Amino acid sequence: GWGYGPKKLIKKLYEIKPPFNVSRPALFAATQAVLDTKWLNKAIEHNNFWAEKIYSVIDEIGVSTNRTNVNFFLLNFDFVNKSASQVFNKLANSGILVRQMDVYNIKNSLRVTIGNSKENKKFIAKFGNLNSERAALAKNQNINKEILSNMDIHEKGREGMITNYVFKDSFM
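Heads up: these notes are all about the structure in this document. Small disclaimer: the values here were computed from a predicted structure and weren't measured. (Residues numbered from 1 in each chain as written. Predicted model: local features only at pLDDT ≥ 70, side-chain atom pairs only at ≥ 80, totals over all residues. Heavy atoms only, no water.)

Considerations on the overall build of the chain
For clarity, the cut-off: We count a stretch as a helix when DSSP gives it H or I for four or more residues in a row; a strand needs E for two or more, and each element gets its number in order from the N terminus. Only protein chains enter the area calculation, which uses a 1.4 Å probe; residues under 20% of their type maximum are buried, those over 50% are exposed, and those in between are partly exposed. Contact criterion: two residues are considered in contact whenever any of their non-hydrogen atoms come within 4.5 Å of each other. Accessible surface is estimated by sampling points in the Shrake-Rupley manner with a 1.4 Å probe; for residues, cover comes only from the protein chains shown.
Across its full length, the chain carries 6 helices and 5 strands. Counting from the amino terminus, the chain carries its helices and strands in the arrangement α-α-α-β-α-β-β-α-α-β-β. For the chain, the proportion of its 172 residues judged to be buried stands at 32%. Residue pairs at least 24 apart in sequence account for 64% of intrachain contacts in the chain once pairs closer than 6 positions are excluded. Of the accessible surface of the chain, which amounts to about 11900 Å², a share of 54% is contributed by carbon and sulfur atoms.

A short note on the sheet that holds strand E2 (residues 99–100)
Whenever strands of a sheet pair, they do so through backbone hydrogen bonds, lying parallel or antiparallel. What counts is decided by this rule: Pairing between strands requires that DSSP locate at least two bridges from one strand to the other. A fitted line through C-alpha atoms represents every axis, and for helices the fit uses only the stretch in contact; the resulting angles, taken between N-to-C directions, go from 0 to 180 degrees.
Read from one edge of the open sheet, 3 strands run E1-E3-E2, paired in antiparallel fashion. Taken across any chain shown, the strands that pair with only one partner, and hence form the sheet edges, are strand E1 (72–76) and E2. Inspection of the sheet shows E2 paired to strand E3 (residues 109–113) by 2 bridges, in the antiparallel sense. Residue Arg-99 lies in a different strand from E3, and its bridge partner there is Arg-111. Most of the contacts of helix H4 (residues 84–93) go to E3, to which it runs at about 35°, and overall it touches E2 and E3.

Concerning the packing of helix H3 (residues 37–61) against helix H5 (residues 117–130)
Rule in force here: By the definition adopted for this analysis, an angle is roughly parallel if under 35 degrees, roughly antiparallel if over 145, roughly perpendicular if from 65 to 115, and oblique otherwise. Gly counts as polar in this scheme, as do all residues outside two lists: the nonpolar Ala, Val, Leu, Ile, Met, Phe, Trp, Tyr, Cys and Pro, and the charged Asp, Glu, Lys and Arg.
Taken N-terminus to C-terminus, the directions of H3 and H5 make an angle of 5°; their axes are 10 Å apart at the nearest point. With respect to H5, the element H3 is oriented roughly parallel. Together, His-46, Trp-50, Lys-53, Ile-54, Val-57, Ile-58 and Ile-61 of H3 and Ser-117, Asn-120, Lys-121, Phe-123, Ile-124, Phe-127 and Gly-128 of H5 make up the contact between the two elements. Each residue belonging to the contact of H3 with H5 can be placed in one class, and the counts come to 8 nonpolar, 4 polar and 2 charged.

A look at the environment of Ala-51
For Ala-51, the location among the structural elements is in helix H3. On the basis of relative accessible area, Ala-51 is assigned to the buried category, the value being 7%. Through-space distance from the C-alpha of Ala-51 to that of Asn-71 is 7.7 Å; in sequence the pair is 20 residues apart. Setting aside anything within four residues of it in sequence, one finds Ala-51 in contact with Thr-68, Phe-73 and Ile-114.

Describing the environment of His-46
Tracing the backbone through its elements, the reader meets His-46 in helix H3. You can call His-46 buried: its relative accessible area is 11%. C-alpha of His-46 to C-alpha of Gly-115: the two residues are 69 residues apart in sequence and 9.2 Å apart in space.

Some remarks on a nonpolar patch on the surface
Test applied: Residues qualify for a patch when their relative accessible area is over 30% and they have no salt bridge, like charges being joined within 9 Å and the nonpolar side chains of Val, Leu, Ile, Met, Phe, Trp and Tyr within 5 Å. A pair is scored as a salt bridge if a Lys or Arg side-chain nitrogen falls within 4 Å of a carboxyl oxygen belonging to Asp or Glu.
Together, Phe-20, Leu-74, Val-103, Tyr-104 and Ile-106 line one region of the surface with nonpolar side chains, adding up to about 410 Å² of accessible area. Turning to its location among the elements, Val-103 is positioned in the loop between E2 and E3. Residue Val-103 is classed as exposed on the basis of its relative accessible area, which comes to 67%.

Describing the environment of Asn-108
What counts here: Under this definition, polar contacts are N or O atom pairs within 3.5 Å; protein pairs additionally need one hydrogen-donor-capable and one acceptor-capable atom, and for neighbouring residues in sequence, both atoms have to be side-chain atoms.
By the secondary structure assignment, Asn-108 is in the loop between E2 and E3. For the pair formed by Asn-108 and Ser-85, sequence separation is 23 residues and the distance between their alpha carbons is 7.3 Å. Among all residues touching Asn-108, those that are not within four sequence positions of it are Leu-75, Asn-76, Phe-77, Asp-78, Ser-83, Ala-84 and Asp-102. Side-chain polar atoms of Asn-108 contact the side chain of Asp-78, separated by 3.0 Å.

Considerations on H5
Using the following cut-off: In this scheme, a helix's expected span is set at 1.5 Å multiplied by one less than its residue total.
In a regular helix each residue adds 1.5 Å, so 14 residues correspond to 20 Å; H5 covers 20 Å between its end C-alpha atoms and thus fits that length. Burial runs high along H5: 11 of the 14 residues are buried. What H5 keeps buried is the set Ser-117, Asn-120, Lys-121, Phe-123, Ile-124, Ala-125, Lys-126, Phe-127, Gly-128, Asn-129 and Leu-130. The N-terminus of H5 is capped by Asn-116, whose side-chain oxygen sits 3.1 Å from the backbone nitrogen of Lys-118.

Shown next, in the form of structure tokens:
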């Protein structure tokens, strides 16, 4: 929806409104999804699996973040040689969209959502390759290439298909 009113009122509304607008159909679908415990458990398992893999890569590079119990990471670039904007642009140019956090007054940070297996593998490969550029992302660390080579795995994808992914060395 939308609203029209005095600036003071609109400003106050922004103080209490949730950060992301959600429609009624989306709320209904979310309610039904939560009631489907088989799907919910599968989603939790998926997020936990990928949270560990993504965290390992982020941690190896030296970008500040924490282990997550939700479906996203908040990355802070204050202690590395690249800014959140630089990384945002590199990822966007590779077809990976992440959220810049400046609008929430969280400076030099990005929000990375855990996606499906294919999206997560692409993010890990692209983000990991940021470190291989001449101006290293981390001051004193290198990404552990073994993490990526070990990801040549067979897994049952979300759509129930057996998939096999192999990463190449240079994506960026």
